[in-house]
Amino acid sequence: MTNTTVEPGEATRLRNKVVDELCADGNISSPEIEAVMRKVPRHAFIPDTPLDKAYDTYAAVITKTDEHGVQLSSVSAPQIQAMMLEQAQVKPGMRVLEIGSGGLNAAYLAELVGEHGEVVTVDIDPVVTDRAHRLLEEHGYGRVRVVTADAAEPIPALGEVDVVMVTAGAWDIAPTWTAQLKQGGRLVVPLRMRGLTRSVAFTQVTGEHGPYLESESARICGFVPMQGSTAHREELLLVNGTPEIGLKFDDGLPVDPHRLDNAVTFPRHELWTGVVIGLQELIDTLQMAMAISLPGFCTMAVDEDLDTGLVAPVNKRFALAAVEDDTFAYLVTRRTEDNKHIEYGVHALGPNAKQFAEKIAEVLRGWEAHRRGGPSPVIRVYPAGTPDDQIPADRVIDKVHSRISLSWPSA
């Protein structure tokens, strides 16, 4: 049951079920996107995938890994595709550049732009583009132009486009992406900031000192990382010199990482914050509050095979954490007595564990008082080298090609 010739009625039923769920949860709000996601046979672009997996509303399908099992290419979950299509606001007659190919999303875009529009899809991997080209041709989308290239470089004969949609995790904003946008065009990109990824819908703004990008929306997501000249890896700091506890930094290690060498020799300090949330409550703004407020923000992972219990995060693969000089800390949670909520706590290790835990607790309490349930920070992208006095920000993140500012909206 992996193609249109096998039980097409079941594929249609599952596809409509997915779209019904996405309409109900708010990921689809426009009739145009609802229509194209009902029309395009998702399973036909994921050959050799069982129908139930092809039509899992909230799960991606991995299509390529390297020899170490690292994911190199995937077809995003229907929920993520719907979310980004809504952010892109693609209209009939538009010209769209998709960066990160696979075929399915290009087919959605081709339906949205119609016969008078144009879609160009680009990927650095010829295996991926060959597959995308074949599948698009087979299913009636031969007018989509498929290009094999590093999309950080100018695409030959592209010209200006109305929308650039990036479907691979990006650490930086390549100058070519904005150079190819029409005035007022939109860039939708899964942008990694301090280890947190958000699908950000940007529009171009002309300011007093020149053009920059400003976010209209930012949604939690996860993506296979970008390859090529704009690829970027997090740096790993092994606490205590062993692989048991790893702290991952997205924008460079602490100035003197060896100051943490003895942190785990101190008793673990535990502090409960009194910050309580619902089990299904979104914590995107809480994550951003930590990333903005704590200079040493990072994430922590524990090797389960080497785990000795020195640290006890709820999720051993991903815990929000931070470092300050010779001390590190991370967030934990526990169920409340009614079993319907969770309370946030802080575990800290090092000579200044008590003080640092309290500092992080104050960030959480500040989020609860002022940011909980509110809008995400405004994200702006300026060219590298833009002076500080031209960038209004609560936090500036310097990349290779850009300076990214994060600012909380005024109350």
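Residues numbered from 1 in each chain as written. Predicted model: local features only at pLDDT ≥ 70, side-chain atom pairs only at ≥ 80, totals over all residues. Heavy atoms only, no water.

Going by what an unreviewed UniProt entry lists, the protein chain is known as Protein-L-isoaspartate O-methyltransferase and is assigned to Streptomyces thermolineatus. Taken verbatim from the UniProt record of the protein chain, the Sequence similarities (unreviewed entry) comment is "Belongs to the methyltransferase superfamily. L-isoaspartyl/D-aspartyl protein methyltransferase family." (UniProt positions renumbered as here; feature names shortened; annotations may be inferred.)

Caption draft 1: Geometry of helix α4 (residues 78–88). Burial within α4 is extensive, with 11 of its 11 residues counted as buried. Restricting attention to buried positions, one finds in α4 the residues P78, Q79, I80, Q81, A82, M83, M84, L85, E86, Q87 and A88. Trailing α4 by a residue or two, Q89 shows a phi angle of about 55°, which is positive. (Buried < 20%, exposed > 50% of the residue type's maximum accessible area, 1.4 Å probe, protein only. Helix = DSSP H or I, 4+ residues; strand = E, 2+ residues; numbered from the N terminus.)

Caption draft 2: Spotlight on the side chain of Q87. Here Q87 is to be found in helix α4. In this structure Q87 comes out as buried when scored by relative accessible area, which is 6%. Setting aside anything within four residues of it in sequence, one finds Q87 in contact with R186, V188, S199, V200, A201, S217, A218 and R219. (Contact = heavy atoms within 4.5 Å.)

Caption draft 3: Expanded view of the confidence of the model for the protein chain. Per-residue confidence for the protein chain gives a mean pLDDT of 91, with 95% of residues at or over 70. Across residues 1–5 the pLDDT falls below 50, and counting only partners more than four positions away or on other chains, this stretch makes 13 contacts in the model. (pLDDT = per-residue confidence, 0-100.)

Caption draft 4: Region of interest: the pairing of strand β15 (residues 327–335). Of the strand pairs in this sheet, strand β14 (residues 319–324) and β15 are connected by four bridges, and their pairing is antiparallel. In the strand pairing of β15, A321 is matched with Y330. With antiparallel pairing between neighbouring strands as the criterion, β14 and β15 make up a hairpin whose turn holds two residues, including D325 at a positive phi of roughly 55°. The turn linking β15 back onto strand β16 (residues 341–349) is made up of five residues, and N339 within it adopts a positive phi angle of 60°. (Pairing = 2+ DSSP bridges.)

Caption draft 5: Structural context of the packing of helix α2 (residues 31–39) against helix α5 (residues 104–113). Between α2 and α5, whose axes approach to 10 Å, the crossing angle comes to 130°. Considering the angle they form, α2 stands oblique to α5. Crossing handedness for the pair α2 and α5: right-handed. Only Y108, E111 and L112 of α5 make contact with α2, whose side of the interface consists of E32, I33, V36, M37 and K39. Residues belonging to the contact of α2 with α5 are distributed by class as follows: five nonpolar, no polar and three charged. (Axes fitted to C-alpha atoms, helices over the stretch in contact; angles between N-to-C directions. Parallel < 35°, antiparallel > 145°, perpendicular 65-115°, else oblique. Left-handed = near helix turned anticlockwise from the far one by under 90°. Nonpolar A, V, L, I, M, F, W, Y, C, P; charged D, E, K, R; others polar.)

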